[in-house]
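Coordinate inspection notes
What follows is the residue order along each chain.
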Amino acid sequence: MKRLKILLLGTGESGKSTITKQMKIIHINGYSFAERLEKIKDIIRNVRESLLSMVGAMHHLNIPLEDEESRPSADFILDQAARQDTETSEEFWMHCERLWADGGVQKCYDRSHEYQLIDCAKYFLDKIKEIKSPNYAPSDQDILRCRAITTSIQHIEFDVPDAGQSVKFSVYDVGGQQGERKKWIQVFDNVVAILYLGDTSCFDQTLREDTAKSRLIESLEIFEQVWNNRFLRPVSILLFLNKIDILAEKIAKGRSIKDLLAQHPGVFPDYDSCPVSSNERLEFLDAFPGGSEQTAKRRSRSSSRTDINPEVVKTAVYIKNLFTRIVRGELSINKTIQPHPKEWHQNHSCEYFYTCAVDTNNVKKVLEGCRTLIIRKHLERFGII
Ligand SMILES: Nc1nc2c(ncn2[C@@H]2O[C@H](COP(=O)(O)OP(=O)(O)OP(=O)(O)O)[C@@H](O)[C@H]2O)c(=O)[nH]1
Ligand SMILES: [Mg+2]
């Protein structure tokens, strides 16, 4: 069988590159010591960028520093705004630690949906002690969390044993921000499947590149374009409903998708009256990370996890239903698109998976399911089965 070409699509920060990192960890040989050390630069940039965003946002949101002694640290970080290099000093780390410990900065962190903050801010700021050590080598988890924007098309290849033979995959990772999407069409030919990344946690955020636009609505619109794109008519989509861990954190903080829905009356189905079937509930709970192997074994499929707020499940299932309504032609977000009739779509399908792209166990399971589907669809398409 020839190499199967897979395309990762989705809006900016939806998790595409994180999935390719997982493929390298799961299917290639992971990260060498030298490659790990290379990532330290990006991690330092992430720390600096996170603090800069928060200090900037405190000004706009009128949140004062709690401790006036943090002022020189805020000034120090603001002075770094134009720096691209990753030189660090004891002084730099001291200011970072002091700022992150300030109650005002913490308040600002809690309001991060009101400005643009990278997802890994807290993850790295909580481990400055480790990062600043001269012996620091990033772990797999650090690499998965580290954020670097994609601005050129990236490509990886790997082979996976399947039913006694070796299946060759070629995976393309593109940039998802608005300015990057014109490049997508370059990689549309001979695609076997698309992995579309949709961020389930972004319902209260706006786009980094256009702060007047909702991230969730943008993701639905781009999905609708991809599903109805004439070049992709025979290509099946595997929809990754990603960042379910961040979704749970947001719900715990009292955030709700209802605010977004209220801002767009008449566009979306009513949230409160959308039912969640027991099957939909179990699908989500099965995917949710956490709960040790042991408890997972003890837990029968019919019993439920009590550690997950029902509102998390309801929001995830509601968002899943928005995407599946687009697939069935029952919801149109992008008014410039003329949805095709059902027959037009008969040669492709859309399957969905709940994912946490930074969780290797979750991604491994999802990728196994995808592989089986991709190979079956490919063989069907060429009349082999
Ligand atoms: N906690 C958590 N973080 C995630 C998840 N998926 C992605 N991230 C983080 O989100 C950030 C953005 O992920 P990327 O993989 O760079 O997003 P992308 O889709 O490649 O973005 P572009 O290259 O701009 O198109 C990174 O810091 C990831 O670690 C997830 O499921 N949970
Ligand atoms: Mg990327």
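Under the annotation held in an unreviewed UniProt entry, the chain carries the name Guanine nucleotide-binding protein G(s) subunit alpha and is attributed to Elysia chlorotica. Per UniProt, the comment on the chain under Subcellular location (unreviewed entry) is "Cell membrane". Per UniProt, the comment on the chain under Subunit (unreviewed entry) is "G proteins are composed of 3 units; alpha, beta and gamma. The alpha chain contains the guanine nucleotide binding site."

1. Focus on empty space enclosed by the protein
Any empty space left between the atoms is revealed when a probe the size of a water molecule rolls over them. A complete count under the given rule lists five cavities of 30 Å³ or more for this structure. If you add up the space inside the largest cavity, you get close to 120 Å³. Considering the residues around the largest cavity, the lining is formed by Ile6, Met23, His27, Phe158, Val160, Phe169, Val171, Leu195, Leu367, Cys370, Arg371 and Ile374. Broken down by element, the residue count for the lining of the largest cavity peaks at four residues, all from helix H16 (residues 360–381). Here the lining of the largest cavity is built from residues that sort into 10 nonpolar, one polar and one charged.

2. Some thoughts on the sheet that holds strand E1 (residues 4–10)
Here we have six strands laid out as an open sheet, ordered E2-E3-E1-E4-E5-E6, and mixed in their pairing. Here the strands that pair on one side only, and so sit at the sheet edges, are strand E2 (154–162) and strand E6 (350–354). Pairwise comparison of adjacent strand axes, ignoring direction, gives a mean angle of 25° for this sheet. Bridge analysis of E1 against strand E3 (residues 165–173) gives five bridges, and the strand direction is parallel. By the bridge assignment for E3, leucine 8 is matched with aspartate 173.

3. A word on the coordination of the magnesium ion (ligand 2)
Coordination of the magnesium ion (ligand 2) by the protein involves Ser17 (OG) and Thr150 (OG1), with metal-donor separations of 2.0 to 2.1 Å. You can see serine 17 sitting in helix H1 (residues 16–27) and its partner threonine 150 sitting in the loop between helix H9 (140–145) and E2, a full 133 residues away along the chain.

4. Observations concerning the domain arrangement of the chain
When cut into domains, the chain gives domain 1 (3–29 + 150–378) and domain 2 (33–137). The C-alpha centroid of domain 2 is placed 30 Å from the C-alpha centroid of domain 1. At the junction of the two partners, domain 1 supplies 13 residues and domain 2 supplies nine residues. For the pair domain 1 and domain 2, the summed buried area comes to about 920 Å², and 33% of that belongs to carbon and sulfur atoms. Between arginine 208 and glutamate 49 there is a salt bridge, with the nearest N and O atoms lying 3.7 Å from each other.

5. Re the packing of aromatic side chains
The way to describe two aromatic rings as a pair is by their centre distance and the angle between their planes. With the rule as written, the count across this model stands at 12 aromatic pairs. Judged by centre distance (5.0 Å) and plane angle (85°), the rings of phenylalanine 223 and phenylalanine 323 are edge-to-face. Separated by 100 residues along the polypeptide, phenylalanine 223 in helix H10 (residues 215–227) and phenylalanine 323 in helix H15 (residues 310–327) bring together distant segments of the chain. Residues phenylalanine 223 and phenylalanine 323 agree in their burial class; the two are buried. Grouped by ring-pair contacts, the aromatic residues Phe284, Phe288, Tyr352 and Tyr354 constitute a single cluster. We note lysine 24 situated over the ring of tyrosine 31; from NZ or CZ to the ring centre the distance is 4.9 Å. Above the face of the phenylalanine 203 ring, lysine 250 is positioned so that its terminal group lies 5.7 Å from the ring centre.

6. Concerning the UniProt feature "binding site: Mg(2+)" (unreviewed entry) in the chain
As recorded in UniProt, the feature "binding site: Mg(2+)" (unreviewed entry) lies at Ser17 and Thr150. These annotated residues cover 134 residues of sequence, and their C-alpha atoms lie no more than 7.6 Å from one another, placing them together at a single site. Every residue in contact with serine 17, bar those within four places of it in the chain, is listed here: Thr150 and Asp173. For threonine 150, the residues in contact, after removing those within four places along its chain, are Ser17, Asp173, Val174, Gly175 and Glu180. Looking at threonine 150, its side chain comes within polar contact range of the side chain of serine 17, at 2.8 Å.

7. Comments concerning the packing of H10 against H15
Axis separation between H10 and H15 bottoms out at 10 Å; the angle between their running directions is 30°. What the angle tells us is that H10 and H15 run roughly parallel. Note that H10 runs across H15; the crossing there is right-handed. Note on element contacts: H15 touches H10 through Ile319, Leu322, Phe323, Ile326 and Val327, opposite Leu216, Ser219, Leu220, Phe223, Glu224 and Trp227.

8. Regarding the environment of tyrosine 31
Take tyrosine 31: it is sitting in the loop between H1 and helix H2 (33–38). On the basis of relative accessibility, which here comes to 12%, the residue tyrosine 31 falls in the buried class. Placed 10 residues apart in sequence, tyrosine 31 and lysine 21 show a C-alpha to C-alpha distance of 9.2 Å. With near-sequence residues (within four places) excluded, tyrosine 31 lies in contact with Lys21, Lys24, Ile25, Arg36, Lys39, Asp140 and Ile143.

Calculation notes
Residues numbered from 1 in each chain as written. Chains lettered and ligands numbered in written order. Predicted model: local features only at pLDDT ≥ 70, side-chain atom pairs only at ≥ 80, totals over all residues. Heavy atoms only, no water. UniProt positions renumbered as here; feature names shortened; annotations may be inferred. 1 Å grid on protein atoms, 1.4 Å probe; cavity = no way out; pocket = protein on both sides within 12 Å on 5 of 7 lines; lining within 4 Å. Points joined across faces, edges and corners; volume = space filled by probe spheres on them. Helix = DSSP H or I, 4+ residues; strand = E, 2+ residues; numbered from the N terminus. Nonpolar A, V, L, I, M, F, W, Y, C, P; charged D, E, K, R; others polar. Pairing = 2+ DSSP bridges. Axes fitted to C-alpha atoms, helices over the stretch in contact; angles between N-to-C directions. Donors = N, O, S within 2.8 Å, 3.2 Å for Na, K, Ca; no water. Domains from an automatic or database assignment. Contact = heavy atoms within 4.5 Å. Buried area = accessible area lost by both parts, 1.4 Å probe. Salt bridge = Lys/Arg side-chain N within 4 Å of Asp/Glu carboxyl O. Phe/Tyr/Trp six-rings, centres within 6.5 Å; stacked < 30°, edge-to-face > 60°. Buried < 20%, exposed > 50% of the residue type's maximum accessible area, 1.4 Å probe, protein only. Lys NZ or Arg CZ within 6 Å of the ring centre and 35° of its normal. Polar contact = N/O pair within 3.5 Å; in protein donor to acceptor, adjacent residues only side chain to side chain. Parallel < 35°, antiparallel > 145°, perpendicular 65-115°, else oblique. Left-handed = near helix turned anticlockwise from the far one by under 90°.

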